[in-house]
Amino acid sequence: MSRFRFADVFRFNFLLGDLNRDLKLLVLSNLVGAFGDGLYFYILPLYISGLGAKPAEVGVVFAILGLASALTPIPGGFLADRYDRKKLMILAWMIWIPVPLIFSMAQDWSQLIPGSFLYGCFIGGPASSAYIATAAKKEKMASTFTTLSAAWWFGYIFSPGFGGYLAAIFGMRLVFYLSFALYTLATVFLLFVKSQHATKPSTQPSAPSVPLRKKELLVWSSFFAVIFFVLSLLRPYIVKFLEDVYTLSEFQIGILGSATFAGSAILVVGIGKLGDKWKKSSAILVSLLLTFLAIGILTSFSHFPVLALASFLMGASYAVWSLISAVIGSLTPEASRGRWMAVSQTAGLVAAFPAPYIGGILYEASPYYPFMAVIMVTPLLAALALIISLKVET
């Protein structure tokens, strides 16, 4: 077994050397689209509150987003196994393009709901995951997914701070217009990606027994569903906590958002490399422990440099989505990969659907409660990841 060196994460050739031309185009699309997304998403809870929403109503907006996310992967998965996956990825971005414009015109928080539903549409998610799994080198599955994920989060590094600055000086409308333009550009890059159709079952090599695969997929899907529920309890309220408890400005909160996504861009790639060298469940264990540490620091210290460190470590929590895609991609035959991706993603998104609303109720009782709930549960999830590593994953 070759030695894992975290310093390799910082080598550009290491990051993209295992990716083909189409995956590199996806990296570019992710970078541009994420920059546009990060301009407003991190401070979106503040924008919703500014339109008159209480914490529980902020949770409603994010729950609507979660509902759309939960409803759309299954049809997207069936389409991904029947039609050109490239076209489905383009369609997904086209659904997103009008979202910033809808948000910019809202005069009341309830008017955000149509845009929130479109924002949550995840019909292209299974197609994208299946496309990456098919194009990736099989021995580099985890690191390929985390590299594509890191490209997305790298686009977020500077955009929250920049978006917060623009919002403070010019208002949110300009921020939304800029996001609209960058969403459009990200879609254009996908036009140059090669088409990909699912291979017919008759051309596939023999696969391991279906019952064993179904058992493994059930275990993994259930595990990730619990993780998504727990993390979704507090994600919409981190910026609210920073504003309400530590009285930070939008610009300071944007800087901390940049620190979080810098952590995502750096730590997620390292965690993915670890998943290739060891086990994917071991990589999840590391992600959960870093998340636990980040929340503990975030709720215990108010000094800005310490909060920046906590925000950086919080970036590790974003590795989970990439790792589930790598797991499912490794377990499923190519001909039905889109559907299996959809099943696992739907399990997680359905579980996460009520979490923002529940988190909002906890936050209204005390801003610390959603964080305390996650702190109590995360060590149990880490222990479960260890059990899966020992008992399930081979």
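This report concerns the structure included in the present document.

Basis of the calculations
- Residue numbers restart at each chain and count upward from 1, following the sequence in its written direction.
- Reporting of local features is limited, given that this is a predicted model, to residues whose pLDDT is at least 70; pairs of side-chain atoms are given and counted only at 80 or more, and all residues count toward the totals for whole chains, interfaces and linings.
- Values shown for side chains rest on all heavy atoms present in the structure; no hydrogens or waters enter the calculation.
- A side-chain nitrogen of Lys or Arg and a carboxyl oxygen of Asp or Glu constitute a salt bridge if their distance falls within 4 Å.
- Exposed residues in this analysis have more than 50% of their type's maximum accessible area, buried residues have under 20%, and partly exposed residues fall in between, with area computed by a 1.4 Å probe over protein chains only.
- Starting at the N terminus, helices and strands are each numbered in turn, a helix being any DSSP run of H or I of at least four residues and a strand any DSSP run of E of at least two.
- Two residues form a contact once any of their heavy atoms are found within 4.5 Å.
- Residues forming no salt bridge and having over 30% relative accessible area are the ones grouped into patches, like charges within 9 Å of each other and nonpolar side chains (Val, Leu, Ile, Met, Phe, Trp, Tyr) within 5 Å.
- Note on areas: these come from Shrake-Rupley sampling with a 1.4 Å probe, and a residue is covered only by the protein chains present in the view.
- One less than the number of residues in a helix, times 1.5 Å, gives the span that helix is expected to have.
- Directions are taken from the helix axis to each C-beta atom, and the arc is the one they span.
- Pairing of aromatic side chains here covers Phe, Tyr and the six-membered ring of Trp, requires ring centres within 6.5 Å, and sorts the geometry by plane angle: under 30 degrees stacked, over 60 edge-to-face, intermediate tilted.
- Two N or O atoms form a polar contact when they lie within 3.5 Å of each other; inside protein one atom must be a possible hydrogen donor and the other a possible acceptor, and for residues adjacent in sequence the pair counts only when both atoms belong to side chains.
- Lines fitted to C-alpha atoms define the axes here, with helix axes fitted over just the stretch in contact, and angles between the N-to-C directions of these axes take values from 0 to 180 degrees.
- Throughout, a crossing is termed right-handed when the near helix is turned clockwise from the far one, and left-handed when it is turned anticlockwise from it by less than a right angle.
- Under the convention adopted here, Pro, Cys and the residues Ala, Val, Leu, Ile, Met, Phe, Trp and Tyr are nonpolar, Asp, Glu, Lys and Arg are charged, and Gly plus all remaining residues are polar.
- Should an angle fall under 35 degrees it is taken as roughly parallel, and over 145 as roughly antiparallel, whereas 65 to 115 is taken as roughly perpendicular and any remaining angle as oblique.
- In this description, a nonpolar core means a group of buried Ala, Val, Leu, Ile, Met, Phe, Trp, Tyr and Cys residues linked to one another through side-chain atoms lying within 4.5 Å.

### Focus on the pattern of salt bridges
- The tally for this structure, following the rule as stated, stands at three salt bridges.
- Between aspartate 81 and arginine 85 there is a salt bridge whose closest N-O contact spans 3.3 Å.
- Aspartate 81 gets classed as buried once you look at its relative accessible area, which sits at 12%.
- On the basis of relative accessibility, which here comes to 0%, the residue arginine 85 falls in the buried class.

### Examining the environment of leucine 191
- As for its position among the elements, leucine 191 is in the loop between α12 (172-190) and α13 (210-232).
- Between the alpha carbons of leucine 191 and serine 322 there is a distance of 24 Å; along the sequence they are 131 residues apart.
- Those residues within four positions of leucine 191 in sequence are excluded, and the remaining contacts are Lys86 and Ile90.

### A closer look at a nonpolar patch on the surface
- On the surface, a cluster of nonpolar side chains totalling about 730 Å² of accessible area is made up of Phe162, Tyr165, Ile169, Phe170, Leu174, Leu178, Phe251 and Ile255.
- Elements with a minimum of two residues in the nonpolar patch: α11 (159-170), α12 and α15 (250-277).
- Considering every element that reaches the nonpolar patch, the biggest residue donor is α11, with four residues.
- In this fold, tyrosine 165 is placed in helix α11.

### What to know about the environment of alanine 225
- Tracing the backbone through its elements, the reader meets alanine 225 in helix α13.
- A residue is classified by how much of its surface remains accessible, and alanine 225, at 10% relative accessible area, is buried.
- In this structure the C-alpha to C-alpha distance between alanine 225 and threonine 346, which are 121 residues apart in sequence, comes to 8.6 Å.
- Apart from residues no more than four positions distant in its own chain, alanine 225 is found in contact with Ala347, Gly348 and Ala351.

### What about α12?
- Between its terminal C-alpha atoms α12 stretches 28 Å, which fits the 27 Å expected from 19 residues at 1.5 Å a residue.
- Taken together, the buried positions of α12 are Met172, Val175, Phe176, Ser179, Leu182, Tyr183, Ala186, Thr187, Phe189 and Leu190. Angular distribution of buried residues about the axis of α12 spans 150°; they occupy a single face of the element.

### Considering the packing of aromatic side chains
- Following the criterion strictly, the structure yields 23 aromatic pairs and no others.
- Ring centres of tryptophan 93 and tryptophan 152 lie 6.1 Å apart, and the angle between their planes is 40°; on these two criteria the pair is classed as tilted. Placement of the pair is tryptophan 93 in helix α6 (residues 85-96) and tryptophan 152 in helix α10 (residues 141-155), with a sequence separation of 59 residues. This pair shows no difference in class: tryptophan 93 is buried, exactly as tryptophan 152 is.

### Topic: the side chain of glutamine 196
- Its place among the elements puts glutamine 196 in the loop between α12 and α13.
- A distance of 2.7 Å separates polar atoms of two side chains, one belonging to glutamine 196 and the other to arginine 85.

### Focus: the packing of helix α18 (residues 319-331) against helix α19 (residues 337-352)
- Put simply, α18 and α19 touch, their axes get as near as 10 Å, and they point 145° apart. The handedness of the crossing between α18 and α19 is right-handed. Residues Trp321, Ile324, Ser325, Ile328 and Gly329 of α18 pack against Arg337, Trp340, Met341, Ser344, Gln345 and Leu349 of α19.
- Split into classes, the residues belonging to the contact of α18 with α19 amount to six nonpolar, four polar and one charged.

### Remarks on unusual backbone geometry
- In this model, threonine 247 sits at a positive phi of 50°, which is unusual for a non-glycine residue.
- Among the structural elements, threonine 247 can be located in the loop between α14 (238-244) and α15.
- Judged by its relative accessible area of 62%, threonine 247 falls in the exposed class.

### Here's the deal with the packing of α10 against α15
- The interhelical angle for the contact between α10 and α15, taken along N-to-C directions, is 180°, at an axis separation of 8 Å. The angle between the axes of α10 and α15 places the two elements in the roughly antiparallel class. Between α10 and α15, the contacting residues are Met141, Ala142, Ser143, Thr146, Thr147, Ser149, Ala150, Trp153 and Phe154 on the first element and Phe261, Ser264, Ala265, Val268, Val269, Gly272, Lys273, Gly275 and Asp276 on the second.
- Here the contact of α10 with α15 is built from residues that sort into nine nonpolar, seven polar and two charged.

### Re the nonpolar core
- Grouped together as the largest cluster of nonpolar side chains are 114 residues, with contacts concentrated most on Tyr40 and Leu242.
- Filtering out sequence-adjacent residues up to four positions away, tyrosine 40 remains in contact with Val99, Pro100, Phe103, Tyr119, Met172, Val175, Phe176, Ser179 and Tyr183.

### Concerning helix α8 (residues 113-120)
- Along α8, the positions that sit buried rather than exposed are Gly115, Ser116, Tyr119 and Gly120. All buried residues of α8 lie within an arc of 135° about the axis, which places them on one face of the element.
- In this structure, the buried side of α8 is in contact with α2 (21-41), α3 (44-50), α4 (55-71), α6, α7 (99-105) and α12.

### Details of the side chain of asparagine 30
- Among the secondary structure elements, asparagine 30 is positioned in helix α2.
- Classification of asparagine 30 by relative accessible area gives buried; the value is 18%.
- If we skip the residues at most four places from it in the chain, asparagine 30 touches Leu148, Ala151 and Trp152.

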